[in-house]
Amino acid sequence: MKQYFQEEHYMLQDMVRDFAANEVAPIAEELDREERFPKELIPKLAELGLLGIPFPEEYGGAGMDTLAYTLVIEELAKVDSSVAITVAAHISLGTYPIFLFGTKEQKSLHLENLISGKYLACFGLTEPEAGSDAGGTKTTAVRDGDDWIINGSKNFITNAGYSGVCNLTAVTDPTSKRPGGISVFMVDPKTPGFVVGPSEKKMGWRASDTRALTFENMRVPGDALLGELDVGFKQMMAALVGGRISVAALSLGLAEGALAAALKYAEEREAFGKKIHRFQGIGFQLSEIATEIEAAKHLVYYASYLKDQGENVVKAAAMAKLKASEIAVRATNFAVQVHGGYGYIKEFQVERFFRDAKVLTIGEGTSEVQKLVILKQLLKGL
Ligand SMILES: Cc1cc2nc3c(=O)[nH]c(=O)nc-3n(C[C@H](O)[C@H](O)[C@H](O)COP(=O)(O)OP(=O)(O)OC[C@H]3O[C@@H](n4cnc5c(N)ncnc54)[C@H](O)[C@@H]3O)c2cc1C
């Protein structure tokens, strides 16, 4: 993949690999077992500049490109998907919309704090009755003088318990045909009426923080509106395109981590007097999965590259996310199978990898939604 990368990318990749090996890997199993959010890693990630990779230096960012950011998420996910999604949600969903659409004042209020890890950011789009149909937002924001009064709820919000700002969607023009008439508000979770639910108990990503949010007559000032009025759905979709590339990178890293574990075990373990990779049922699947991962890698890096070129990446991001998440599920499933009974025991990291993979075909648009997005783009090209 040398065509995509410069020396600075490889240096960054080495740094993140060392960080993941030295700081994340030793606690990954414990974080998962205890369902503990890795709060202690946030200042370390910030110190290495990993919370600000794609943002300009004027805000304390690294001023690097999407390819660099992709490498960071991929490397973290090889070791711990919970840590990777904490960073990816913070950057792509929490910070990026403010960077893209915020006014000068909004950017100077938040970006430095977000990049320096003073607090995290979250993205409140999904609601109990509006998931794939994200434009079906029921949360409302009604003007009251210069303020807005927000009522409603959000579901499954990553980083919600550790955020200092939450970008949430609400209907501001109920007469407009959905998904129009929706706006984004940047809300301080300390605002009265902002109710944070308990951390969800999950199959995987157990060290990632996921919560429901409820807004009860929550009064926010006029300057909490992100950018312009009534264009919130478009803003969130723009953020999601970048988010999909980061989830694709996460999926790629997890698939690579699973393949590495499967290969190592298949080389060590013997049955019927042979190393188990010598049974074609195992060996051929290792080859097939490695090939699929390589294909996903091309899609993920290509989508990142296109984004850096300022191209429309809706289709490329959806394809990368679809392919990489599906191979992550397959690779982790197979890695457990290769480990036999040991794969089912928590002591072996493939057990965690397997549980962490499933959400990748669901979050930031299910596989079915990615196919709808791809199809729409294909038809547009006719
Ligand atoms: C751990 C986790 C973290 C998350 N983090 C966030 C976050 O930070 N912020 C946020 O806003 N959201 C977040 N989400 C929400 C996530 O994006 C949604 O769960 C996802 O978009 C699916 O929505 P849903 O759960 O309502 O499922 P539904 O939309 O109800 O879908 C149910 C099933 O129906 C299928 N389906 C729906 N519509 C169609 C269609 N038109 N054609 C074909 N099939 C269809 C879906 O693919 C799926 O298989 C998170 C979810 C999880 C599990």
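Criteria and thresholds
Residues numbered from 1 in each chain as written. Predicted model: local features only at pLDDT ≥ 70, side-chain atom pairs only at ≥ 80, totals over all residues. Helix = DSSP H or I, 4+ residues; strand = E, 2+ residues; numbered from the N terminus. Buried ≥ 20, exposed ≤ 12 C-beta atoms within 10 Å, placed from the backbone. Near = placed C-beta within 6 Å. Core = buried A, V, L, I, M, F, W, Y, C linked by C-beta atoms within 7 Å. Contact = placed C-beta atoms within 7 Å. Axes fitted to C-alpha atoms, helices over the stretch in contact; angles between N-to-C directions. Parallel < 35°, antiparallel > 145°, perpendicular 65-115°, else oblique. Left-handed = near helix turned anticlockwise from the far one by under 90°. Nonpolar A, V, L, I, M, F, W, Y, C, P; charged D, E, K, R; others polar. Domains from an automatic or database assignment. Pairing = 2+ DSSP bridges.

1. Looking at the environment of Gln 285
Alright, step 1. The residue Gln 285 is located in helix α7 (residues 280-308) in this model.
Alright, step 2. Judged by C-beta crowding, with 19 C-beta atoms within 10 Å, Gln 285 ranks as partly exposed.
Alright, step 3. Sequence-wise, Gln 285 and Phe 334 are 49 residues apart; in three dimensions their C-alpha atoms are separated by 8.2 Å.

2. Overview of the site of the ligand
Alright, step 1. Around the ligand, the surrounding shell holds 24 residues, and the nearest of these are Leu 125, Gly 131, Ser 132, Thr 366 and Glu 368.
Alright, step 2. Counting residues per element, the ones that place at least two in the shell around the ligand are α4 (81-101), β1 (120-124), β3 (147-158) and α10 (367-380).

3. Here we look at the nonpolar core
Alright, step 1. Leu 76, Phe 185, Ala 255 and Val 300 are the most contacted members of the largest nonpolar core, which totals 121 residues.
Alright, step 2. Per element, the largest residue contribution to this core is 19 residues, and it comes from helix α6 (residues 232-268).
Alright, step 3. The contacts of Phe 185, once residues within four sequence positions are left out, are Ala 141, Trp 148, Ile 150, Leu 168, Ala 170, Val 220, Ala 224, Leu 225 and Leu 226.

4. Digging into the packing of helix α3 (residues 66-79) against α6
Alright, step 1. Between α3 and α6, the shortest axis-to-axis distance is 7 Å and the interhelical angle comes to 40 degrees. One element, α3, and the other, α6, form an angle in the oblique class. By crossing handedness, the relation of α3 to α6 is classed as right-handed. Counting all contacts with α3, which are made through Thr 66, Tyr 69, Thr 70, Ile 73, Glu 74, Glu 75, Leu 76, Ala 77, Lys 78 and Val 79, the residues of α6 involved are Ile 245, Ser 246, Ala 249, Leu 250, Leu 252, Gly 253, Leu 254, Glu 256 and Gly 257.
Alright, step 2. Per-class residue counts for the contact of α3 with α6 are 10 nonpolar, five polar and four charged.

5. So, the domain arrangement of the protein chain
Alright, step 1. Split into domains, the protein chain comes out as domain 1 (7-120), domain 2 (122-233) and domain 3 (235-380).
Alright, step 2. Once you take the C-alpha centre of each, domain 1 and domain 2 turn out to be 23 Å apart.
Alright, step 3. For the side of domain 1 that touches domain 2, the secondary structure elements donating two or more residues are α1 (7-34), α4 and α5 (104-115).
Alright, step 4. If one sorts the elements of the side of domain 1 that touches domain 2 by residue count, α4 sits on top with 11 residues.
Alright, step 5. Of the residues that constitute the side of domain 1 that touches domain 2, the class distribution is 11 nonpolar, 10 polar and four charged.

6. Section: the pairing of β3
Moving residue by residue along a regular strand, the side chains alternate between the two faces of the sheet.
Alright, step 1. Where strand β2 (residues 140-144) and β3 come together, five bridges link them in antiparallel fashion. Note that in β3 the partner of Val 142 across the bridge is Ile 149.
Alright, step 2. Count of turn residues in the β2/β3 antiparallel hairpin: two residues, of which Gly 145 carries a positive phi of about 65 degrees.
Alright, step 3. One ladder, built from eight bridges, connects β3 with strand β7 (residues 210-220); its direction is antiparallel.

7. Topic: helix α9 (residues 349-357)
Alright, step 1. Among the nine residues of α9, eight are classified as buried, and the element is accordingly described as predominantly covered.
Alright, step 2. Those residues of α9 that sit buried are Gln 349, Val 350, Glu 351, Arg 352, Phe 353, Phe 354, Asp 356 and Ala 357.
Alright, step 3. Taken together, the buried residues of α9 touch α1, α4, α6 and α8 (314-338).

8. A look at the pairing of β1
Alright, step 1. Among the five residues in β1, five count as buried, and that is most of the element.
Alright, step 2. Burial along β1 is two-sided: the face carrying Leu 120, Cys 122 and Gly 124 and the face carrying Ala 121 and Phe 123 are both buried.
Alright, step 3. Relative to strand β4 (residues 163-171), β1 runs parallel, the two being bridged by five bridges. Pairing of Gly 124 across the sheet is with Leu 168, part of β4.

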